[in-house]
Amino acid sequence: MDATLAIFRRNMLNFSRDRVRVAASLAMSLLFLFVFSFAMKSSVASQITQPMNYLICGVIIMTVFQQAFNNSTAILDDIANGFMKEILVAPIARREIAIGQVLSSSAIAVAQGLIVLIAGLFMGLNLDALHLLETIGIMLVSGLTFGSIGLFVATVAKGSSAFQILSAMLVMPLTFLSGAYIPTAAMPEFLQPVIYLNPLTYITSAFRFAAMHMEDLSQAQLVQEGVAYDIGGFILTPQLGLLVIVTIGLCFLALCVRKFDCADFSAVRTFRHHH
Amino acid sequence: MCERERRDDTVSESIIEVEHLTKRYGNATAVDDISFSVSEGSIFSFLGPNGAGKSTTINTLCTILDKTSGRLRVGGHDVDRERDLVRKDIGIVFQESTLDSKLTVEENLEFHCAFYGMPRRNMSESIDFVLDLVGLRDRRNDAVGSLSGGMRRRVEIARGLVHSPKVLFLDEPTAGLDPQTRANVWDYIGRLQQQRDITIFLTTHYMDEAEISSSVAIIDHGKIVASGTPDELKARFTKESLRVTANDTNDMTETLRDSGIRFDRDGYDFKIPVEGSEQAIDLLNKVREDIKCFEVTKGSLNDVFLAVTGREVRE
């Protein structure tokens, strides 16, 4: 547990030194907020009652899952610059490394999400203490799940140069198809199966459900608001969606732990710098 | 503060035992059935050209590389079955940097202590000690990224020591450093040996740097081709030679030829292989009128390598 904490602290410290990265990710979020606010004001979102809050929520949760994923893949830098070796030869259980990485990825991602959330509060988002706790909880689930996915994918790839391009090619479209920016109802029919299979869809919905106080709405209204999905008559509620995300997250966390426990990290030597 | 109880009966015991270690990568055999042991408190050098299998051996001993076959023990612990016990007992300075360059020198050391489960109250004392040892106490708050290559290497040495390991592995500790920094690094290693009761296992392809070792194993193409103390190896594989600078090269050449003595000539310098100092005196008497100055030199580890493998160390 000490080692997990040490890895967590080290990653937090490292991140706090990386001001460019913090600023860039925030600028990105705010840019999306600005650009898509025009789309939300137009006809695209006609059935949604609070279009601006819908967008703000989407951008907040997008920030969390994208950053959690990215933070986890930063382990590739540790492999490339040798620091991973320092951790691997220490008397630390491998699983503690995995857990420390996932925890720090999510914590950083939640912190970044909170900054966007604060910006959102000035733009009309309205949260009382209870709802704030709920939204933070969902952000944490999002961070842990996508942090685990990111770590797993990164350790499988182990630093192939194609990895970054490939992950960008996947994360970007999946974010769009989650309804984070534009309601999924506005998307063409043939994309609907992808939308339903996309885990980002469910975390986005669950977050909106909590942040936009939708507890009292009926299932039909939830579908109308774009946070529940009518899949051939079966209503996939935000609560059920969150359960799906938690399950996926636990699976990937288990996979990461397993991967770290038995992976032959001797491949780390691939990154040796020859003098 | 980190002195371990030193019992006389354990001093000469082996702290590292390697039996029939083999490591293959696919069809390529990096290390081919090698056996050796290192006695506690000694400096052991693994010598050989790049690609001879030195790093592979170190990496298997350090628990980050799986072996193909063989038996390895460090500090009495089996490297396969008691990984974490082995890891606690060793410090490692890898060939390439493994520091976090965004963190300061002190932070790198602190996290290292945390990874090794060192209690917080002992940290600062240990960190002060090792930073003094490598002369970097005044740089403790500098980001590692801002340090020169030589300083980084010193930070790595300090970090490898801060948890008081029984064995310090140094994989090519001077590779890529300029000659002066290299000399400094060896100075630290020597001082370390004096101040701490520690075993040092190092690899290098600079043969002259291994002179400080208590014992040496020469590895080539994955096999140990010779081992012993530097003096033993030199005695076994090299000859002493007499170097003479001549006043008159023609006279000198003539005298040597007439006496049927083999020699190499380079300008005014003559190099004559001799069996020992006695023979050198006889020779000097024969040519004493023509001598400007002379010296008797012993073979170097480089000569040993040349004699054992039939070629110079590949760079």
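Residues numbered from 1 in each chain as written. Chains lettered and ligands numbered in written order. Predicted model: local features only at pLDDT ≥ 70, side-chain atom pairs only at ≥ 80, totals over all residues. Heavy atoms only, no water.

### What about the overall build of chain B?
Reasoning step 1: Looking only at helices and strands, chain B has ten helices and 14 strands in total.
Reasoning step 2: With 315 residues in all, chain B has 52% of them scored as buried.
Reasoning step 3: Across chain B, the fraction of contacts at a sequence separation of at least 24, relative to all contacts at a separation of at least 6, is 68%.
Reasoning step 4: Accessible area for chain B stands at about 14400 Å²; split by element, carbon and sulfur atoms hold 42% of it.
Reasoning step 5: For chain B, the centre of its 42 positive side-chain charges and the centre of its 55 negative side-chain charges are spaced 5 Å apart. (Helix = DSSP H or I, 4+ residues; strand = E, 2+ residues; numbered from the N terminus. Buried < 20%, exposed > 50% of the residue type's maximum accessible area, 1.4 Å probe, protein only. Contact = heavy atoms within 4.5 Å. Areas by Shrake-Rupley, 256 points an atom, 1.4 Å probe, with all protein chains shown as cover. Lys, Arg positive; Asp, Glu negative; His and termini not counted. Charge placed at Lys NZ, Arg CZ, Asp CG, Glu CD.)

### Focus on the overall build of chain A
Reasoning step 1: Within chain A one finds twelve helices and two strands.
Reasoning step 2: N-terminal to C-terminal, the α/β element order of chain A is α-α-α-α-α-α-α-α-α-α-α-β-β-α.
Reasoning step 3: A globule of 275 residues ought to have a C-alpha radius of gyration of about 19 Å, and chain A, at 19 Å, matches this closely.
Reasoning step 4: Its C-alpha atoms give chain A principal-axis dimensions of roughly 60 × 40 × 35 Å.
Reasoning step 5: Looking at chain A residue by residue over its 275 residues, the buried ones come to 50%.
Reasoning step 6: Intrachain contacts of chain A at a sequence separation of at least 6 include 78% that bridge at least 24 residues.
Reasoning step 7: Counting every atom, chain A has about 12000 Å² of accessible surface; 69% of that belongs to carbon and sulfur.
Reasoning step 8: Positive and negative charge centroids in chain A, built from 15 and 15 side chains respectively, lie 15 Å apart. (Rg over C-alpha atoms; globule rule 2.2 N^0.38 Å.)

### Quick look at the interface of chain A and chain B
Reasoning step 1: Each side of the interface is counted separately: chain A has 27 residues, and chain B has 32 residues.
Reasoning step 2: Counting each side, the surface lost to burial between chain A and chain B is near 2800 Å², with a carbon and sulfur contribution of 57%.
Reasoning step 3: When residues of chain A are sorted by the area they lose upon contact with chain B, Glu86(A), Val89(A) and Pro91(A) head the list and together hold 23% of the total.
Reasoning step 4: In this structure, the connection of chain A to chain B is made through five salt bridges.
Reasoning step 5: Close ionic contact of Lys85(A) with Glu96(B) constitutes a salt bridge, the shortest N to O distance being 2.8 Å.
Reasoning step 6: With eight residues, the top contributor of residues to the side of chain A that touches chain B is helix H1 (residues 2-17) of chain A.
Reasoning step 7: Taken together, the residues of the side of chain A that touches chain B sort by class into eleven nonpolar, six polar and ten charged. (Buried area = accessible area lost by both parts, 1.4 Å probe. Salt bridge = Lys/Arg side-chain N within 4 Å of Asp/Glu carboxyl O. Nonpolar A, V, L, I, M, F, W, Y, C, P; charged D, E, K, R; others polar.)

### Focus: the sheet that holds strand S7 (residues 167-171) of chain B
Each strand in a sheet pairs with another by means of backbone hydrogen bonds, the pair being arranged parallel or else antiparallel.
Residue and element names in this part refer to chain B.
Reasoning step 1: With mixed pairing, the six strands of this open sheet are ordered in space as S6-S7-S8-S3-S9-S10. Taken across any chain shown, the strands that pair with only one partner, and hence form the sheet edges, are strand S6 (90-93) and strand S10 (223-228). Across the sheet, the mean angle from the axis of one strand to that of its neighbour is 15°, orientation sign disregarded.
Reasoning step 2: Taken together, the five bridges between S7 and strand S8 (residues 199-204) define a ladder with parallel strand orientation. From the neighbouring strand, Leu 168 faces S8, where its bridge partner is Ile 200.
Reasoning step 3: This element, helix H5 (residues 149-161), spans S6 and S7 of the sheet and lies at about 170° to S6.
Reasoning step 4: The strands touched by helix H7 (residues 230-237) within the sheet are strand S9 (215-220) and S10, with S10 carrying the most contacts at an inclination of about 105°. (Pairing = 2+ DSSP bridges. Axes fitted to C-alpha atoms, helices over the stretch in contact; angles between N-to-C directions.)

### Notes on the side chain of His163(B)
Residues and elements named next belong to chain B.
Reasoning step 1: Examined against the element boundaries, His 163 turns out to sit in the loop between H5 and S7.
Reasoning step 2: A distance of 2.8 Å separates the side chain of His 163 from the side chain of His 112, its partner in a polar contact.
Reasoning step 3: Not counting residues within four places of it along the chain, the set of residues in contact with His 163 comprises Lys 88, Ile 90, Gly 91, His 112, Tyr 116 and Met 118. (Polar contact = N/O pair within 3.5 Å; in protein donor to acceptor, adjacent residues only side chain to side chain.)

### Considering helix H4 (residues 120-133) of chain B
Residues and elements named next belong to chain B.
Reasoning step 1: Over its 14 residues, H4 runs 21 Å from end to end, which matches the ideal 20 Å to within 8%, given 1.5 Å per residue.
Reasoning step 2: The secondary structure elements touched by the buried residues of H4 are helix H3 (105-115), H5 and helix H6 (179-195).
Reasoning step 3: With its phi angle positive at about 65°, Gly 135 sits one or two positions after the end of H4. (Expected span 1.5 Å × (residues − 1).)

### A few points about the packing of H4(B) against H6(B)
Residue and element names in this part refer to chain B.
Reasoning step 1: The contact between H4 and H6 brings their axes to 10 Å, and the two run at 135°. The pairing of H4 with H6 is recorded here as oblique in orientation. Seen from H4, the contacting residues are Phe 129, Asp 132 and Leu 133; seen from H6, they are Tyr 188, Arg 191, Leu 192 and Gln 195.
Reasoning step 2: The residue makeup of the contact of H4 with H6, split by class, is four nonpolar, one polar and two charged. (Parallel < 35°, antiparallel > 145°, perpendicular 65-115°, else oblique.)

### Some points on the pairing of strand S13 (residues 269-274) of chain B
All names here are of chain B.
Reasoning step 1: Every second residue of S13 is oriented toward a common face, the buried set being Phe 270, Ile 272 and Val 274 and the non-buried set Asp 269, Lys 271 and Pro 273.
Reasoning step 2: In this sheet, S13 lies alongside strand S11 (residues 240-246) in antiparallel orientation, the contact comprising six bridges. Bridging across to S13, Leu 242 finds its partner in Ile 272.
Reasoning step 3: The pairing of strand S12 (residues 264-266) with S13 spans three bridges and is classified as antiparallel. Across the sheet, residue Asp 264 finds its bridge partner in S13, namely Lys 271.
Reasoning step 4: Taking the residues that link successive antiparallel strands as the turn, the S12-S13 hairpin has two residues, and the phi of Gly 267 there is positive, at about 65°.

### What about the packing of aromatic side chains?
Reasoning step 1: Within this structure, the stated rule accounts for 18 aromatic pairs over all chains.
Reasoning step 2: Residues Phe36(B) and Phe44(B) carry aromatic rings whose centres are separated by 5.2 Å and whose planes lie at 5° to one another, so their mutual orientation is stacked. The same class applies to Phe36(B) as to Phe44(B), namely buried.
Reasoning step 3: Through a chain of ring-to-ring contacts, three or more aromatic side chains come together here, namely Phe36(B), Phe44(B), Phe46(B), Phe169(B) and Phe201(B).
Reasoning step 4: Note that Lys85(A) overlies the ring of Phe94(B), its terminal NZ or CZ placed 4.3 Å from the centroid.
Reasoning step 5: The cationic tip of Arg182(B) hangs over the ring face of Tyr206(B); the distance from NZ or CZ to the ring centre is 3.6 Å. (Phe/Tyr/Trp six-rings, centres within 6.5 Å; stacked < 30°, edge-to-face > 60°. Lys NZ or Arg CZ within 6 Å of the ring centre and 35° of its normal.)

### A look at unusual backbone geometry
Residues and elements named next belong to chain B.
Reasoning step 1: Even without being glycine, His 20 reaches a positive phi, approximately 50°.
Reasoning step 2: In this model, Thr 63 sits at a positive phi of 70°, which is unusual for a non-glycine residue.
Reasoning step 3: Along the chain, the position of Thr 63 falls in the loop between helix H1 (54-61) and strand S4 (69-74).
Reasoning step 4: Overall, the relative accessible area of 1% leaves Thr 63 in the buried class.

### Describing the pattern of salt bridges
Residues and elements named next belong to chain B.
Reasoning step 1: Taken as a whole and assessed by the stated rule, the structure comprises 26 salt bridges over all chains.
Reasoning step 2: The partner of Arg 140 in a salt bridge is Asp 128, and the shortest N-O contact between them spans 2.8 Å. With Arg 140 in the loop between H4 and H5 and Asp 128 in helix H4, this residue pair connects regions lying twelve residues apart in the sequence.
Reasoning step 3: It is possible to trace a salt-bridge network through shared partners that takes in Glu 106, Asp 128, Asp 132, Arg 137 and Arg 140.

### Details of the sheet that holds strand S5 (residues 77-78) of chain B
Reasoning step 1: One open sheet accounts for four strands, arranged S2-S1-S4-S5 (chain B); its pairing is antiparallel. If you trace the sheet from one side to the other, it starts and ends with strand S2 (28-39) and S5 of chain B, each paired once.

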